[in-house]
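Secondary and tertiary structure notes
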Amino acid sequence: GWQTQAALRSDDSSDFGRATTGLIAAAWQWTPALKFSAQWASGFSAPSFLDQQFANRATTLKPERSKQAELALQWSEGATLLRAGLFAQRQRDRIAFDPVTFETLNIARAKNRGLELMAQWPVPFDADGVLGADLTLQDPRDASTDQPLKRRAKQSLALNYSTRVVGWQLMTALRHTGKRLDTDPVTFGDADNSSRSTFHVSASRALTPQWRVAVKLDNAFGETRPEVLGYTAPPRAFLVSLQGTMR
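The rules we used
Residues numbered from 1 in each chain as written. Predicted model: local features only at pLDDT ≥ 70, side-chain atom pairs only at ≥ 80, totals over all residues. Heavy atoms only, no water. Salt bridge = Lys/Arg side-chain N within 4 Å of Asp/Glu carboxyl O. Helix = DSSP H or I, 4+ residues; strand = E, 2+ residues; numbered from the N terminus. Buried < 20%, exposed > 50% of the residue type's maximum accessible area, 1.4 Å probe, protein only. Pairing = 2+ DSSP bridges. Patch = residues over 30% accessible without salt bridge, like charges linked within 9 Å, V, L, I, M, F, W, Y side chains within 5 Å. Areas by Shrake-Rupley, 256 points an atom, 1.4 Å probe, with all protein chains shown as cover. Contact = heavy atoms within 4.5 Å.

In this section: the pattern of salt bridges. This structure, assessed with the given rule, holds eleven salt bridges. The partner of Arg-83 in a salt bridge is Glu-70, and the shortest N-O contact between them spans 3.1 Å. A residue pair is termed long-range when its members are at least 10 positions apart, and Arg-83 in strand S5 (residues 80-98) and Glu-70 in strand S4 (residues 64-77) qualify at 13 residues. Taking relative accessible area as the criterion, Glu-70 reaches 19% and is therefore assigned buried.

Structure, rendered in structure tokens:
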């Protein structure tokens, strides 16, 4: 049968006035396993204090407004899930940072469209193991010039594997970000930033009902390609934490 959802929100900013945004969504449960959904939403984002601090004093930074729509098809059975979603986004006065002038500015019109694929399934060789994958293919652009938006990759991929081993909850994650347009830190001209991949491992275990120990290794293989040109890539990092819940 049908499932519907609607939401309405009103923001009143002392600096940028009132804005009303909303969401409309509908889903059709075609079969117990198969569902089709559609969604439309609008958004409003006022410039933050930091955005305004870095804005050019000769111009007035405007709030960002957006509209987005999605059509999705999902199949699920037990712990297995497959989902494909087509999306389109439009932004007016997109808030961005110019790495050449070091100023926050508005991009008059921005657009993006693409496909998101998600899968999750149990593995046959591990009773507690679950493998997940998320792939995003998109085309973010400045709608006024039709040029790609900087620091926005057209492809990104995430692979995750979680399981339990002798009381420990283990998770491994591979993150891949495709090539993206950036700014050369020397010439300040346009330049391509190469793709990068990082591998992460984490584990946690309950010591008592109130206390849990966790360990995490980020960038396990020491990826050195930067997220942003001109900045050093985050190094390999190991973290141990003790988490407690007071009752």
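Anyway, onward from the coordinates.
Let's shift gears to the pairing of strand S6 (residues 103-122). The sheet contact formed by S5 and S6 spans 17 bridges and is antiparallel. When the sheet's bridge partners are listed, Leu-81 is paired in S6 with Gln-120. The pairing of S6 with strand S8 (residues 141-142) spans two bridges and is classified as antiparallel. Across the sheet, the residue bridging to Lys-111 is Arg-141, located in S8. In this sheet, strand S7 (residues 130-138) lies alongside S6 in antiparallel orientation, the contact comprising nine bridges. Across the sheet, Leu-117 pairs through a bridge with Leu-135, a residue of S7.

What follows concerns a nonpolar patch on the surface. On the surface, Trp-2, Trp-28, Trp-30, Phe-36, Leu-71, Leu-73 and Leu-86 cluster together into a nonpolar patch covering about 780 Å² of accessible area. Structurally, Leu-86 is set in strand S5.

With that settled, the discussion passes to the environment of Gln-210. Secondary-structure assignment places Gln-210 in the loop between strand S13 (196-206) and strand S14 (211-218). Its relative accessible area of 29% is what places Gln-210 among the partly exposed residues. Separated by 120 residues in the primary sequence, Gln-210 and Arg-90 have C-alpha atoms spaced 46 Å apart. Ignoring anything within four residues of it in the chain, the contact list for Gln-210 reads Gln-243, Gly-244, Thr-245 and Arg-247.

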